[in-house]
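Residue-level listing of the chains:
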Amino acid sequence: MAESTAAPTSDFIRQRIDSDNQTGRFGGRVHTRFPPEPNGFLHIGHAKSVVLNFSIAADYDGMCNLRFDDTNPTKEESRYVESIIEDIRWLGFDWQDRLFFASSYFDQLHDYAVQLIQAGKAYVDSLSEQEIREYRGTAIDRQSPVETVPGKDSPFRNRGVRENLDLFRRMKEGEFAEGEHVLRARIDMAHPNLNMRDPVMYRIIRKPHHRTGDKWCIYPMYDFTHGLCDSIEGITHSLCTLEFENHRPLYDWYLDELAVYHPQQIEFARLNLTYTVLSKRRLLELVQKGLVSGWDDPRMPTIRGMRRRGYTAAAIRDFCQRIGVAKADSRVDIALLEHCVRNDLNKHSPRVMGVLNPLKVVIDNYPEGQVEYLSAINNPEDPAAGTREIPFSREIYIERDDFREDPPRKFFRLAPGREVRLRYAYMVTCTGVVKDQQGQVTELHCRYDPLTRGGNAPDGRRVRGTLHWVSAPHACDAELRLFDRLFSSENPDKAGKGASWLDNLNPDSLQVLRTCKVEPGLRGRPAGYRCQFERIGYFCVDPDSTRQRPVFNRTVALRDTWARISRRR
RNA sequence: UGGGGUGUAGACAAGUGGUAAGUCACCGGUCUUUGGAACCGGCAUUCGUAGGUUCGAAUCCUACCACCCCAGCCA
């Protein structure tokens, strides 16, 4: 997995690990983990964390666990654990036999809770949900200035150990309804950090769990669970995102009160990308409102969506290495992601020819009924990829954009009287233009130079333009789906007054071309097959394909200097 | 008016008292049977702002400013 071209610069996390290794804090051990909640599909933001955790483990000759933090049965499903496992494997990572679940530790966690009760550090509270919120006090306000008010103690805060133990046992045994009681840590209701104002440790949820079934009706809260699971697994460095920084004192409190092994949590900034959204809630909304075709819509920043679109795991890994790790809130330009796929695909994708918007060309002086097979290079970046034979005949299709009746300056393609090269074939000169009643060009007539077979002229004359083409009688019909950024705004979350983030959706993010013509060799390629249509972009066969009519997703367009020149004028 | 964080180019991001790496983007050029790729060159006299310490400050000190996170029985 050492395909990254990014310079192996250090980051603040590795520096802290280095220093821990120097002081021998963890005996030189490095053990990380990727801890998803199985309540949704993985996206590129998760990939950043996956790559970080697994590659740090690899760099330090350590290990990385996969652990599902499944503490809330109302939101979690086993289909999500399956899809997450599949996506991480596809990304190229392996956790050997270290697949764990927080739910496997429920007994241990319950024992820890009992210990805290016995030590007078936890109590059963019987306030209502609403009351607990009110008693917690406030920190700041979000919109209008409101005074900071400290929390106040629950009237149940001083219940005796014996009563707490009994109540907690009865909670566990199902004697109470949801919401009747919770178990809380006994810390400090006036603490400036809200997370320390007697946080809930256990709540009653009468719902079967995807792994433990109906064994439990009380479930531990994430804050109580997470740090202790890391402790149980012997994790040395618990890497997580910035929003959990406020929670670290609480994790530390549990660990210290219980006097158990203490991992070091280190927080880093989550990934933001331009022109897309990266929150489970928003992605879910796109799916539920039918604004995309599903979690694997090729426009989605999900791993499944990107995979269907044709992204390679290597490109995603490379991207994750290049963006670095830091604590500053930032938004990475999606152009960097696109650069990473192009970079990988350029080296590995076979070249083929395909015409998006076909314009028929008749080569008047080419013998009728004749067919020649011409040799084409499969990948100029990789000689080992060899060559293939493609059919050429009197009637071909070229790209409509490659002809201009009245060519602008610097337009090197076909125009009346102009000569261009047909890639790997012949040089042709445009001799006639056929139009319909609306004046729309329907067909071109050309003459070819038989001496230029393969594309070179014996007299040494040169042409500026080389066009891709497909032999008309041999062409394979295809559908091409072109994707553009899902949102037209760099930061879709930032909507104007009275507008919603959905108003920033790009109405033209999907363009379907149904009348494309591609090389006959492309018939019957399996879904997932990747290739480059020369001069157009990188494509990937979609599962919607049929044998006779393949469907291609455009992964990313080629850099297009001409588009830039013509846009500028 | 609390607590926790973060400010280095258009975007990421190194830099840890000795004179601003690298990458993407962008702009020139070379080469080219993909207007692709490759290659060469340009792109921060200055590091949120203002003071201070020092022979020397992005790095140390002080004050200020801006932005992000926190009031789930979510994770």
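Every value quoted in this text rests on a predicted model; they were computed, and no experiment measured them.

**Student:** Give me the lowdown on helix α6 (residues 161-172), citing residues and values where you can.
**Tutor:** Compared with the 16 Å implied by 1.5 Å per residue over 12 residues, the 16 Å span of α6 between its first and last C-alpha is a close match. Within the sequence span of α6, burial applies to N164, L167, F168 and M171. Buried residues of α6, seen end-on, are gathered within an arc of 100 degrees and therefore sit on one face of the element. Residues of α6 that are buried make contact with α4 (106-118), β4 (122-125), β5 (182-185), β6 (200-204) and β7 (218-220). The first or second residue beyond α6 is G174, which carries a positive phi of 85 degrees.

**Student:** Run through the packing of helix α2 (residues 44-59) against helix α11 (residues 313-322), naming residues and quoting values.
**Tutor:** Orientation of α2 relative to α11, taken along the N-to-C sense of each, is 80 degrees, at an axis distance of 9 Å. Considered as vectors, α2 and α11 are oriented roughly perpendicular to each other. Contact residues: α2 offers I44, A47, K48, V51 and S55, while α11 offers I316, R317, F319, C320 and Q321. Taken together, the residues of the contact of α2 with α11 break down into 6 nonpolar, 2 polar and 2 charged.

**Student:** With reference to specific residues and values, describe the pattern of salt bridges.
**Tutor:** Enumeration according to the criterion identifies 52 salt bridges in this entry. The salt bridge involving R282 is made with D493; its shortest N-O contact spans 2.6 Å. In this pair, R282 is assigned in helix α9 (residues 280-288) and D493 in the loop between β21 (476-483) and β22 (510-518), connecting sequence segments 211 residues apart. By relative accessible area, which is 17% here, R282 ends up buried. With relative accessibility at 41%, the residue D493 sits in the partly exposed group. A salt bridge links D542 to R308; the shortest N-O distance between them is 2.7 Å. In this pair, D542 is assigned in the loop between β24 (537-541) and β25 (551-557) and R308 in helix α10 (residues 303-309), connecting sequence segments 234 residues apart.

**Student:** Describe the protein's contact with RNA strand B, and please don't skip the residues or the numbers.
**Tutor:** Inspection of the region around RNA strand B gives 76 residues, with Q15, T71, R351, G454 and R535 positioned closest. Sugar and phosphate atoms represent 63% of those atoms of RNA strand B found within 4 Å of the protein. Note that a base nitrogen of RNA strand B is positioned 3.4 Å from one of the side-chain N or O atoms of H247. Take the surface near RNA strand B: its biggest share by element is 5 residues, from helix α13 (residues 561-568). Tallied by class, residues from the surface near RNA strand B come to 26 nonpolar, 21 polar and 29 charged.

**Student:** Break down the packing of α4 against helix α8 (residues 248-258) for me, citing the residues and quoting the values.
**Tutor:** As a packed pair, α4 and α8 sit with axes 10 Å apart at the nearest point and diverge in direction by 75 degrees. With respect to α8, the element α4 is oriented roughly perpendicular. Contacts between α4 and α8 involve Y112, Q115 and L116 from the former and Y254, E257 and L258 from the latter. Here the contact of α4 with α8 is composed, by residue class, of 4 nonpolar, 1 polar and 1 charged.

**Student:** Could you give an account of the sheet that holds strand β3 (residues 99-101), with specific residues and numbers?
**Tutor:** With respect to topology, 3 strands assemble into an open sheet ordered β1-β2-β3, the strand pairing being parallel. The open sheet has two free edges, formed respectively by β1 (31-34) and β3, since each of these has just one partner strand. Neighbouring strand axes in the sheet, compared pairwise and without regard to direction, differ in orientation by 35 degrees on average. Relative to β3, strand β2 (residues 63-68) runs parallel, the two sharing 3 bridges. If you follow L66 over to β3, its bridge partner there is L99. Where helix α3 (residues 78-91) meets the sheet, its contacts fall on β1, β2 and β3, and the angle it forms with β2 comes to roughly 155 degrees.

Calculation notes
Residues numbered from 1 in each chain as written. Chains lettered and ligands numbered in written order. Predicted model: local features only at pLDDT ≥ 70, side-chain atom pairs only at ≥ 80, totals over all residues. Heavy atoms only, no water. Helix = DSSP H or I, 4+ residues; strand = E, 2+ residues; numbered from the N terminus. Expected span 1.5 Å × (residues − 1). Buried < 20%, exposed > 50% of the residue type's maximum accessible area, 1.4 Å probe, protein only. Arc of directions from axis to C-beta. Contact = heavy atoms within 4.5 Å. Axes fitted to C-alpha atoms, helices over the stretch in contact; angles between N-to-C directions. Parallel < 35°, antiparallel > 145°, perpendicular 65-115°, else oblique. Nonpolar A, V, L, I, M, F, W, Y, C, P; charged D, E, K, R; others polar. Salt bridge = Lys/Arg side-chain N within 4 Å of Asp/Glu carboxyl O. Near = heavy atom within 4 Å. Polar contact = N/O pair within 3.5 Å; in protein donor to acceptor, adjacent residues only side chain to side chain. Pairing = 2+ DSSP bridges.

Worth remembering: the numbers are spatial, not functional.
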